Amino acid sequence: MRYSISKAEAAVPLGPAVKRHLPIAAGMAVLALSSVQANGAPAPLNNLNPNQRSVDAAIGSCSSYYSDLESDSPAVCQASFSDIQSLTPDQVLGLGNSITRLDGGRNPVPYDYYSNNQTSRLGAGSGDADFPPLNFWTKVDSGFGAYDNTGLNVAGFKYDNHNFMAGVDYRISDSWVSGAVFNYRHSNAAFNAGRGETLGDSYTGMLYTSYFVTEAFHLDATASYGGHEFETTRNITLGGVSSVAKAKPNADQYSFSWGGGYDWHHKALSIAPYARGEYTALNIDGYAESGSVAAVRFGKQNIESLISTVGVQTAYTFSFPWGVLIPQLRGEWHHQFLDGRRSVTGSFIADGSGSTFSLVNDAPTRDYYTFGAEVSTVLPGGASAFLAYETLQSYRHVESNRLMLGGRLEF
């Protein structure tokens, strides 16, 4: 903690020993006489959340360190209580939240997109022709939503992201399809109260396969690896002076998913229950900011996620002379087994005392749901397209929506 003295006190000549111990004496007096403010409100320290208290303690240690050395302390070590919220870099926790929580459990490839029994449910019209073995497809989607301030007052943000996927798959046999996907993603998270933003670009490659044990029962699996490049800015106010701390952290991620489903058909109606598991490991490198007297050096973040998904998709096929139209509805229940409350270590670069602070993330929601609606069409010549909407529900502090548009060409 830092304590100030009046101008009159500051004008009195003091010896080195008195100067060194004055902050401690003032601190004892404040604690003894001002545990509550005159109006009965709690002292400023009690108004800080756990992350802000950790930063305040690190600043206090820095102040004491330089006081003992009888040396001028860096500006960040002279921060007042009013500066603590701006100085607390809890935006760093958003790097992991935006990846493991906003999209956690959602299948990156549309559920039936590489299903190799489409001809069994298309009915009359253009869908009667057999599907050729080699297929190329693309998908674009845009997500948007918000991550509200949490019980720990972890920084909230509004976000949008945009994905482009291109894939190719090959029908190895009548019951086995395998393929590969490339995914590029651009994301933007703007933090509440004008505290800065995080831009991200990611590049991911994925392999997938689908095998039909029977005409109706199938097993699916995916494996992916990718890299993330971020650009972060934090708007900081210290002693009435504004500055911007910038950094370009990197991360890598690998994921595996496995599951299966059963496609039940009755004339033009199909109902497909399914289940899958998804494991994701995200490793964010340690990095250092620049451009501000309150710039921070952050430690590594290692995040693991294990999500189970149980869902059902229903579709009805309408046949027309020009092709077929297939509206679909989908609902999923997700359960998160890992991704617990985690801690990120940081220190102010200007602080030579070696003091560190810890930023603690809020706990995840263990059970949440995804609901979606989709309409797809198959045209003569094997061309197909789809438009879909998806929303995430019952995840605390999170609002998440996604629009998807895709097309497929078959040769």
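Please refer to the structure higher up on the page.
Reference entry: report on the structure contained in this document. Note that residues are indexed from 1 along each chain, following the sequence as it is written. Whole-chain, interface and lining totals are the exception, using all residues; otherwise, since this is a predicted model, local features are given only for residues with pLDDT of at least 70 and side-chain atom pairs are given and counted only at 80 or more. For the side-chain quantities, the full set of heavy atoms in the structure was used; hydrogens and water were omitted.

### Some points on the overall build of the protein chain
Then step 1. Numbering of helices and strands runs from the N terminus; a helix is a DSSP stretch of H or I covering at least four residues, while a strand is a stretch of E covering at least two. A tally of helices and strands in the protein chain yields 6 helices and 19 strands.
Then step 2. Burial status follows relative accessibility: with a 1.4 Å probe on protein chains alone, a residue under 20% of its type maximum counts as buried, one over 50% as exposed, and anything between as partly exposed. Out of the 411 residues belonging to the protein chain, those deemed buried represent 48%.
Then step 3. Here, residues are in contact when the closest pair of their heavy atoms is within 4.5 Å. Looking at the protein chain alone, contacts between residues at least 24 apart form 67% of all its contacts between residues at least 6 apart.
Then step 4. Areas reported as accessible are Shrake-Rupley estimates using a 1.4 Å probe. Residue values count occlusion only from the protein chains shown. Within the structure as shown, the protein chain displays about 18,900 Å² of accessible surface, and the carbon and sulfur contribution to it stands at 61%.

### Describing the nonpolar core
Then step 1. To qualify as a nonpolar core, a set must consist of buried Ala, Val, Leu, Ile, Met, Phe, Trp, Tyr and Cys residues joined through side-chain atoms within 4.5 Å. Ranked by size, the top nonpolar core spans 32 residues in total, and within it Leu87, Val92 and Phe348 carry the most contacts.
Then step 2. Considering each element in turn, this core owes the most residues, 5 residues, to helix α3 (residues 50–68).
Then step 3. Sequence-distant contacts of Val92, that is, excluding residues within four places in its chain, are made with Tyr287, Phe298, Gln301, Val344 and Leu359.

### A look at unusual backbone geometry
Then step 1. Despite not being glycine, Lys267 has its phi angle at roughly 55°, a positive value.
Then step 2. Taking the relative accessible area as the measure of exposure, Lys267 reaches 76% and is therefore exposed.
Then step 3. At Ser394, a residue that is not glycine, the phi angle is positive and equals roughly 70°.
Then step 4. Within the secondary structure, Ser394 sits in the loop between β18 (384–393) and β19 (398–410).

### Focus on the sheet that holds strand β16 (residues 357–360)
Note on sheets: strands pair through backbone hydrogen bonds, and any given pair is parallel or antiparallel.
Then step 1. Taken together, 4 strands build an open sheet; the order of strands is β10-β11-β15-β16 and the sheet is antiparallel. Of all the strands in the sheet, the pair left with one neighbour each is β10 (287–288) and β16.
Then step 2. Here strand β11 (residues 296–298) runs beside strand β15 (residues 343–348); their pairing, made up of 3 bridges, is antiparallel. Its bridge partner lying in β15, Arg297 is registered against Ser347.
Then step 3. The axes are straight lines fitted to the C-alpha atoms, using for helices just the contacting stretch, and the angles between their N-to-C directions are given from 0 to 180°. Across the sheet, α3 lies against β15 and β16, angled at about 175° from β16, the strand it touches most. Two strands qualify as a pair provided DSSP detects at least 2 bridges between them.

### Some thoughts on the state of the cysteines
Then step 1. Disulfides are defined as cysteine sulfur pairs within 2.5 Å. Counted under the stated rule, the structure contains 1 disulfide.
Then step 2. Linked covalently through their sulfurs, Cys62 and Cys77 form a disulfide whose S-S length is 1.7 Å. A torsion of 80° about the S-S bond marks the disulfide between Cys62 and Cys77 as right-handed. With Cys62 in helix α3 and Cys77 in the loop between α3 and α4 (84–87), the pair connects residues that are 15 residues apart, well separated along the chain.

### Regarding the pattern of salt bridges
Then step 1. Just to be clear on terms, a salt bridge is a Lys or Arg side-chain nitrogen sitting within 4 Å of an Asp or Glu carboxyl oxygen. This structure, assessed with the given rule, holds 8 salt bridges.
Then step 2. Between Glu332 and Arg276 there is a salt bridge whose closest N-O contact spans 3.5 Å. Of the two residues, Glu332 is situated in strand β14 (residues 323–336) and Arg276 in strand β9 (residues 269–284); the sequence distance between them amounts to 56 residues.
Then step 3. For Glu332, a relative accessible area of 6% translates into the label buried.
Then step 4. Among the charged side chains, a salt-bridge network with shared partners connects Arg276, Arg330, Glu332, Glu390 and Arg402.

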